[in-house]
Amino acid sequence: QVQLVESGGGSVQAGGSLRLSCAAFGYTGSSYCMGWFRQAPGKEREGVAAIESDDSTRYSDSVKGRFTLSQDNAKNTLYLQMNTLKPEDTAMYYCAVKFGRCLWSIATPLSPTRFPYWGQGTQVTVSS
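Notes on the structure follow. (Residues numbered from 1 in each chain as written. Predicted model: local features only at pLDDT ≥ 70, side-chain atom pairs only at ≥ 80, totals over all residues. Heavy atoms only, no water.)

Here we take up the sheet that holds strand E7 (residues 67–72). Spatial strand order, E1-E3-E8-E7: four strands in an open sheet with antiparallel pairing. Looking at which strands have only one partner, the edges of the open sheet turn out to be strand E1 (3–7) and E7. Taking the axes of each pair of neighbouring strands and ignoring which way they run, one obtains an average angle of 15 degrees across the sheet. When E7 meets strand E8 (residues 77–82), the two strands line up antiparallel, connected through six bridges. The residue bridging Gln71 from the neighbouring strand is Leu78, located in E8. (Pairing = 2+ DSSP bridges. Helix = DSSP H or I, 4+ residues; strand = E, 2+ residues; numbered from the N terminus. Axes fitted to C-alpha atoms, helices over the stretch in contact; angles between N-to-C directions.)

And the structure:
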């Protein structure tokens, strides 16, 4: 079974930066779509960003211009560089993956329900 392990979370003041990592184990598919998601207390889980096998990416409007997604294929690791953090970015951040392409043309490509494999999350807390 696929295993995803997140790391890099922590506490930071507003305006600061963090870099999250997601290490993937046991994935055997030829095509994939991997993404970062977050869930704050009392809120629904939302898609933050996702990356395709061809390195194409998509970001939610709330993080566009501040967060950058990248991947290291040799290390099977996904990264999320988070800059200019805001208190509203405070949440548990999860890494997830699905078989096949991301399919950017669909209505909600960052929907959490599309992704069957999930990590356990890493907490990000941004203070003002």
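On to the state of the cysteines. A full pass over the atoms with the stated rule returns two disulfides. For Cys22, the disulfide goes to Cys95, at an S-S distance of 2.1 Å. Sign of the S-S torsion, about -75 degrees for the bond between Cys22 and Cys95, identifies this disulfide as left-handed. Of this pair, Cys22 sits in strand E3 (residues 18–25) while Cys95 is found in strand E9 (residues 91–99), placing the two residues 73 residues apart along the sequence. An identical accessibility class is assigned to Cys22 and Cys95; each is buried. Residue Cys33 pairs covalently with Cys102 via a disulfide, S to S 2.0 Å. Judged by the sign of its S-S torsion, about 100 degrees, the cystine formed by Cys33 and Cys102 is right-handed. (Disulfide = S-S within 2.5 Å. Buried < 20%, exposed > 50% of the residue type's maximum accessible area, 1.4 Å probe, protein only.)

On E7, burial follows the alternation: Phe67, Leu69 and Gln71 on one face are buried, whereas Thr68, Ser70 and Asp72 on the facing-out side are not. Following E7, the chain reverses through four residues before pairing antiparallel with E8; Asn76 in that reversal takes a positive phi of roughly 50 degrees.

All right, on to the nonpolar core then. Within the largest apolar cluster, 28 residues are counted, with the highest numbers of intra-cluster contacts made by Met34, Trp36, Leu80, Met82 and Tyr93. Of all elements in the fold, only E3, strand E4 (32–39), strand E5 (46–52), E7, E8, E9 and strand E11 (122–127) reach the threshold of two or more residues within this core. Core analysis: the next-biggest nonpolar cluster, separate from the first, contains eight residues, Cys33, Ala96, Trp104 and Phe115 among them. (Core = buried A, V, L, I, M, F, W, Y, C linked by side-chain atoms within 4.5 Å.)

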